[in-house]
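# Descriptive structure summary
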Amino acid sequence: MTAITDKPRLSRAHSLELLKQMIRIRRFEDKCAELYTQEKIRGFLHLYDGEEAVAVGVIPVLEPRDRIVATYREHGHALVRGVPMTTALAEMYGKQEGCSRGRGGSMHLFDRSTNFYGGNAIVGGGLPLSVGLALADRMRGENTVTACFFGEGAVAEGEFHESLNLAALWGLPVLFVCENNLYAMGTALAISESETDIQRKAACYRIASEAVDGMDVVAVEAAARRAVHAVRESGKPYFLECRTYRLRPHSMFDAQLYRDKAEVDAWRHKEPIVRFKGWLEANHMIHPDDLARMEAEVEAEVAEAVAFAERGTWEPVEQLTRFTYSDQAA
Amino acid sequence: MPSLGADMEAGTLVEWLVKPGDRVKRGDIVAVVETQKGAIEIEIFDTGQIEQILVDLNSKVPVGTPLARIRTDLETAAGAATPTPVTPPPAGAIAAAPRASPPAPAPTAPTPTAAPLPQGPIVPAAGRRVPVSPAARRLAELRRVDPSAITGSGPGGAIVRADIERSLGVTTPVPAERKRTIGLDLDAMRTAIAAAMARSKREIPHYYLQHQVDVTPCEQWIARANEARPPDSRLLMGALAVRAVALAARNFTAFNGFYREGSYEPAAAVHVGVAVAIRGGGLAAPALHDADRISLDEVMARMRDLVQRTRAGRIRSSEMSDPTITVSSLGERGVEALYGIIYPPQVSLVGFGKIVARPWLVDGAIGPRSVLTITLAADHRVSDGHAGALFLADIGKRLQEPENL
Amino acid sequence: MTAPSKTVELSYRDAMREAIRDAMRRDTTVFLMGEDVGRYGGCYAVSKGLLAEFGPERIRDTPLSESGFTGAGIGAAMAGMRPIVELMTVNFSLLALDQILNTAATVRHMSGNQFSAPLVIRMATGAGRQLAAQHSHSLEGWYAHIPGIKVLAPGTLEDARGMLWTALQDPDPVLIFENVMLYNMTGKLAADAGAVDIDKAAVRRAGRDVSLITYGGSLWKTLDAATALAAENIDAEVIDLRSLRPLDDATIMRSVAKTRRAVIIDEGWRSGSLSAEICTRIMEQAFWELDAPVGRVCSEEVPIPYSRHLEMAAIPQVPRIIAAAKAALGRA
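Thresholds applied
Each chain has its residues counted from 1, running along the sequence as written. As a convention, the first chain written is A and the first ligand written is 1, with the rest following in written order. Residue-level local features of this predicted model are given only where pLDDT is at least 70; pairs of side-chain atoms are given and counted only at 80 or more, and the full residue set underlies all totals for whole chains, interfaces and linings. Helix and strand definitions here come from DSSP, where helices need a minimum of 4 consecutive H or I residues and strands a minimum of 2 consecutive E residues; each element is numbered from the N-terminal end. Whether a residue is buried, exposed or partly exposed follows from its count of other C-beta atoms within 10 Å of its own C-beta, namely 20 or more, 12 or fewer, or something in between, respectively; the C-beta atoms are built from the backbone. We call two residues in contact whenever the C-beta atoms placed from their backbones are within 7 Å. Lys, Arg, Asp and Glu make up the charged group, whereas Ala, Val, Leu, Ile, Met, Phe, Trp, Tyr, Cys and Pro make up the nonpolar group; the residues left over, Gly among them, are polar. pLDDT measures how confident the predictor is about each residue, on a scale from 0 to 100. To define a nonpolar core, we join buried Ala, Val, Leu, Ile, Met, Phe, Trp, Tyr and Cys residues through C-beta atoms within 7 Å and take the resulting set. Only strands joined by at least two bridges in the DSSP assignment are considered to pair. Throughout, an axis means a line fitted to C-alpha atoms (over the contacting stretch in the case of helices), and angles, computed between N-to-C directions, take values from 0 to 180 degrees. The scheme is simple: roughly parallel for angles under 35 degrees, roughly antiparallel for over 145, roughly perpendicular for 65 to 115, oblique for anything else. Crossing chirality is assigned from the near helix's rotation relative to the far helix, an anticlockwise turn below a right angle marking it left-handed and a clockwise turn marking it right-handed. We call a crossover right-handed when, viewed with both strands directed away from the observer, the connection leading from the first strand over the helix to the second proceeds clockwise.

## What to know about the overall build of chain C
Along its length, chain C carries 13 helices and 14 strands. Taken over 332 residues, chain C has a buried fraction of 57%. Intrachain contacts of chain C at a sequence separation of at least 6 include 79% that bridge at least 24 residues.

## Here's the deal with the overall build of chain A
Helices and strands together make up the secondary structure of chain A, namely twelve helices and seven strands. Relative to its full complement of 330 residues, chain A shows a buried share of 55%. In chain A, 75% of the contacts between residues at least 6 apart in sequence involve partners at least 24 apart.

## Looking at the interface of chain C and chain A
Every contact between the two is made by 33 residues of chain C and, on the other side, 33 residues of chain A. When residues of the side of chain C that touches chain A are traced back to their parent elements, those giving at least two are helix 3 (66–78), helix 5 (97–104) and helix 6 (107–110) of chain C. Looking at the side of chain C that touches chain A element by element, the count peaks at ten residues for helix 3 of chain C. Residue composition of the side of chain C that touches chain A, by class: twelve nonpolar, 17 polar and four charged.

## Brief notes about the confidence of the model for chain C
Low-confidence regions, as indicated by low pLDDT, have predicted coordinates that should not be scrutinised in detail. On average, residues of chain C score 95 in pLDDT, and 98% of them reach the 70 mark or higher. Both confidence scores are given for the complex: pTM 0.70, ipTM 0.84.

## Remarks on the environment of Arg225 of chain A
Along the chain, the position of Arg225 of chain A falls in helix 9 (residues 217–234). Since 21 C-beta atoms lie within 10 Å of it, Arg225 of chain A is described here as buried.

## Quick look at the confidence of the model for chain A
Averaged over chain A, the pLDDT score is 94; the fraction of residues at 70 or greater is 96%. Below pLDDT 50 for its whole length, residues 1–5 of chain A participates in five contacts with residues either more than four positions away or in separate chains.

## Examining the environment of Gly216 of chain C
All names here are of chain C. Along the polypeptide, Gly216 turns up in the loop between strand 10 (210–214) and helix 9 (218–231). Separated by 62 residues in sequence, Gly216 and Pro154 place their C-alpha atoms 5.8 Å apart. If sequence neighbours within four positions are ignored, Gly216 has contacts with Ala153, Gly155, Phe177 and Asn179.

## Some thoughts on the nonpolar core
Judged by nonpolar contacts, the single largest core of 211 residues is most densely connected at Leu175, Val177 and Leu240 of chain A together with Leu152, Leu212 and Ala325 of chain C. Contact partners of Val177 of chain A, with chain neighbours within four places excluded, come to Val54, Val58, Ala147, Cys148, Phe149, Leu240 and Cys242 of chain A. In this structure, Val213, Ala244, Val245 and Ala378 of chain B belong to the second largest nonpolar core, which totals 48 residues.

## A short note on the sheet that holds strand 7 (residues 174–179) of chain C
Residue and element names in this part refer to chain C. Taken in spatial order, the seven strands make up an open sheet running 3-2-4-5-7-6-12, and their pairing is mixed. Strand pairing shows two members of the sheet lacking a second neighbour, strand 3 (59–61) and strand 12 (243–245), which therefore form its edges. Here the strands of the sheet are splayed against their neighbours by 20 degrees on average, with no regard to which way each runs. As defined by bridge partners, strand 2 (residues 30–34) adjoins strand 3 across three bridges and the pair is classed as parallel. Along strand 3, the bridge assignment pairs Leu32 with Ile59.

## As for the packing of helix 6 (residues 126–139) of chain A against helix 3 of chain C
Look at helix 6 of chain A against helix 3 of chain C: their axes get within 6 Å of each other, and the N-to-C directions meet at 50 degrees. By the criterion of interaxial angle, the relationship of helix 6 of chain A to helix 3 of chain C is oblique. Helix 3 of chain C is crossed by helix 6 of chain A, and the crossing has right-handed handedness. Together, Pro128, Leu129, Ser130, Val131, Gly132, Leu133, Leu135 and Ala136 of chain A of helix 6 of chain A and Ser67, Gly68, Gly71, Ala72, Gly73, Ile74, Gly75, Ala76 and Met78 of chain C of helix 3 of chain C make up the contact between the two elements. Here the contact of helix 6 of chain A with helix 3 of chain C is composed, by residue class, of ten nonpolar, seven polar and no charged.

## A look at the packing of helix 6 of chain A against helix 7 (residues 158–169) of chain A
Packed helix pairs are specified by the crossing angle of their axes together with the interaxial distance, meaning the distance between the axes. Residue and element names in this part refer to chain A. The interhelical angle for the contact between helix 6 and helix 7, taken along N-to-C directions, is 15 degrees, at an axis separation of 8 Å. Here helix 7 runs roughly parallel to helix 6, going by the angle between their axes. In the crossing of helix 6 with helix 7, the sense of the turn from one axis to the other is left-handed. Taken together, the residues of helix 7 that come into contact with helix 6 (itself represented by Leu127, Pro128, Val131 and Ala134) are Glu159, Phe160, Glu162, Ser163, Leu166 and Ala167.

## Points about the pairing of strand 3 (residues 29–35) of chain B
All names here are of chain B. One ladder, built from four bridges, connects strand 1 (residues 10–16) with strand 3; its direction is antiparallel. When the sheet's bridge partners are listed, Glu15 is paired in strand 3 with Val32. In this sheet, strand 4 (residues 38–43) lies alongside strand 3 in antiparallel orientation, the contact comprising six bridges. Looking at strand 4, one finds that Ile29 is bridged to Glu43. Counted between consecutive antiparallel strands, the loop separating strand 3 from strand 4 contains two residues.

## Examining the sheet that holds strand 1 (residues 67–69) of chain A
All names here are of chain A. Taken in spatial order, the five strands of this open sheet run 1-2-3-7-6, and their pairing is parallel. The sheet is open, and its two borders are formed by strand 1 and strand 6 (208–213), each paired with just one other strand. Going from strand to strand, the sheet's axes swing by 20 degrees on average, the running direction of each strand aside. Both strand 1 and strand 2 (residues 146–151) contribute to a ladder of three bridges, which runs parallel. Residue pairing for strand 2: Arg67 is matched across the bridge by Thr146. Running over the sheet, helix 6 touches strand 1, strand 2 and strand 3 (174–180) and is turned about 175 degrees from strand 2. Across the face of the sheet, helix 9 comes into contact with strand 3, strand 6 and strand 7 (238–243) while running at roughly 170 degrees to strand 7.

## Thoughts on the pairing of strand 2 of chain A
Residue and element names in this part refer to chain A. Counting buried residues along strand 2, six of its six residues qualify, which places the element largely inside the surrounding structure. Neither face of strand 2 is open: one carries Thr146, Cys148 and Phe150, the other Ala147, Phe149 and Gly151, and all of them are buried. Sheet topology places strand 2 next to strand 3; six bridges connect them, and they run parallel. Among the inter-strand pairings, Phe150 is bridged to a residue of strand 3, identified as Cys178. Considered for its hand, the β-α-β crossover made up of strand 2, helix 7 and strand 3 is right-handed.

## Quick word on the environment of Gly125 of chain A
Relative to the helices and strands, Gly125 of chain A is located in the loop between helix 5 (85–93) and helix 6. Gly125 of chain A sits in the buried class, given 23 other C-beta atoms within 10 Å. Setting aside its immediate chain neighbours within four residues, Gly125 of chain A contacts Asn120 and Glu159 of chain A together with Asp98, Asn102 and Thr103 of chain C.

## Digging into unusual backbone geometry
Along the chain, Pro344 of chain B connects to Pro345 of chain B via a cis peptide bond; the corresponding omega equals 5 degrees. The backbone phi angle of Asp290 of chain B is positive, close to 50 degrees, even though this residue is not glycine. In this structure, Asp290 of chain B sits in the loop between strand 15 (287–288) and helix 8 (296–312). The class of Asp290 of chain B is partly exposed, set by 15 C-beta atoms lying within 10 Å. At Ala132 of chain C, a position not held by glycine, the phi torsion is positive, near 70 degrees.

In structure tokens, the structure reads:
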């Protein structure tokens, strides 16, 4: 870790941008919850409340040519990466104006133009994929980083171990970002892993790793900068464990029988938006007008996305079998 | 009532955390709902004042049902009087109706995938032979009908079974129902019976003998034996008949075996074919194996089982091919004497008529007795009347000693 | 058609190797990845010598991580490479089933046509070498069930040599199944043999009396059966499916319309097999052409046993094919 990348660049403009991105995700997720109760969004809905600092801290550090693989809890990642809120919400409505043509829904947001490789509903399923993307770049001698986001639940899957081993063995430019929110659906980390210090597992594969406070967007960004730099310079993988917490249930239909309210409330007091806002206020870097302006902008953007999704149209049923195979086929 | 999951259809309100007059803001928890997964807190997405609770506690309501009325701040500010429900119903639906299907254009068949498949069956072009279904072909052969002269009503002008039937002037009286209840193809069965009986009369020189037996002691013995038994294990005369024939057949080998290809082979075992009438006009005589070696109770139990399975269409093929001699009884509804037709390759059939009250000479005095007429139909290539008479008499004697059956 | 070209004598294995070599020379985005493909030369010696020619980046030995390296192949394909992933056998492919089904087969549809995975996955399949229950499966019929992928079964030298290039050019994932009993098969191949189509069945022997429909390892047994049947005056037509998904319905139905009888020979287990699918399609599309029920010769519904006589009894053999053909003609 060099001195250059140690220092966070916390200009006022950048700080407000970080805060706004987190608020943007939070309000979007909130609106999704509302729409889900009204049956506009169907299927499964997994919300990112409390974990915003991870996506907001890591993704802006990446270049446009870098690649991102995420999980079914990927709305925040998609938004920060630049997938328009309009097409993301339309996708969740199932409209053909959605980023995946309405075919995927909440768990399968894909966007080629921003190198956003989904949106994966199989826990651990994205890790081999990210290894492959990085392999292609390495074979072509390209200086591209593939960031792979996954939860600590994926660590139990065989594919996690196979992927870390392959990335280390072949020296692939993968940034493994483990969002450790302490629960794999309803199973607490302590009862599913013999070794709960996740980043130590990377050491078994000789991958450089560190753990960071995932509730602190500044710390996450600093760590991400170090990590991305290391991957790009060395061409070797890096493992970043972000210790965070999921404020909402696993998905909408979850009675949270596996954790008690006191624990959730305790984390709510140190969640990233509250924390960063508090720090900015204490350091006089933010003015109430700034906040009001941000909220108003976000609110307008969300309203526009809702209007866009509502206006959206349904893909004609005749097109059902299209895009199973390439259209080139006779 | 909000939708909280893809498979949630209704929820039970178990707790209200607000009451009319309370102020709420977006994100507040206002109620608790019990679902199949457990109790879930419900948040409100509006800011304003609760006006009226619409749903009582512990009531289970479908997703989409308004739970409470709230006067939002916007309305208050605008001075509007119309209240807004807490959970607005899904667009286009009132109560728990599943979400309105998308207004898609009239559905048409999806476009074929990459490799184009021929649509539908290959229908022959004009000038080629007209297709005939396998079912139609079978019937046409049986009734000697030329399908080419018939117009078909099947797909693409194919000739189907109903077309053959129509040409024969036969209207099939909803055969499908009969077949459904029994699980047998009665038409096929009748055809098979017709063929077998015709062959039997054609090939087997039948002779017939008749014998009358006083079965009063038998009846009395059965009544006594049945006194202590529950209904489903009571003995019937039919079981005694089968047992008597089986024991007699052991000693009279000319009546228990098979005549095939010009020679007779007595069977080593005695498997009595029990004739069973099937509702709807069918008839079968499956084997009751080793009737000479099992107890009377066992014979009764197996007969019950055979009858039930035969009527349900669940006979095993070994049961159809194994009988070495057949017993047929018309029971109480029948006539006094039954002259049967032998089932080839068997060589005899013993018939039991109805038990009738008759005046009879017992110990020099005339009194009413229960009399049963037993008949023998036998193959004259294998036995003659003398042997047949002895056989029948033996059966009659055994029925006089029911305790030995 | 033209003057006879030169032919070479080679094995199925050699033909497959040539196909790989040819593809790698013509297209630098092609590379081979799998267990023991490099230093070992390939479990079935298909890739022998290729490491020396192309180097370890393009002939890439992998650890025993079927899910990991198949997923990696899919990812590399999504990023513009044309990988050939070699799963040693279909038996081990089950460990990679999630990646094949949930990523490769679905990504195009699920992403609304933004991404696709144009890779080729090759696997050995089939029984016959006394390798017992866990090493003798024929699961290509299972894979043929999945929309979004293509499934091939080269049964001849021409197809072993020619299908790979076409498959690599295909924008969708393609699975190639090589029956283990075919690797040693030798024959003559045109010296300039090249790419062939991957979506048509082929009539390997024309006939009038019954259509024998088969693929892969069962092809040669079926041809032997046809020869034996000819000696008894039964003229069998042999169809080599070549592509199991998509199935070439047109060729199948044209044959059945001609012969009016069909027997399908499929090394999968009978119940729910590819033969069941073909039977149903014949029933749907050529019902009125049939003079007899469609017959099937499949593997017995047992795990494949080790001892030779039992293994031989478990999988389709020439006598059963002959018997099934005769049964279709009503001749016991």
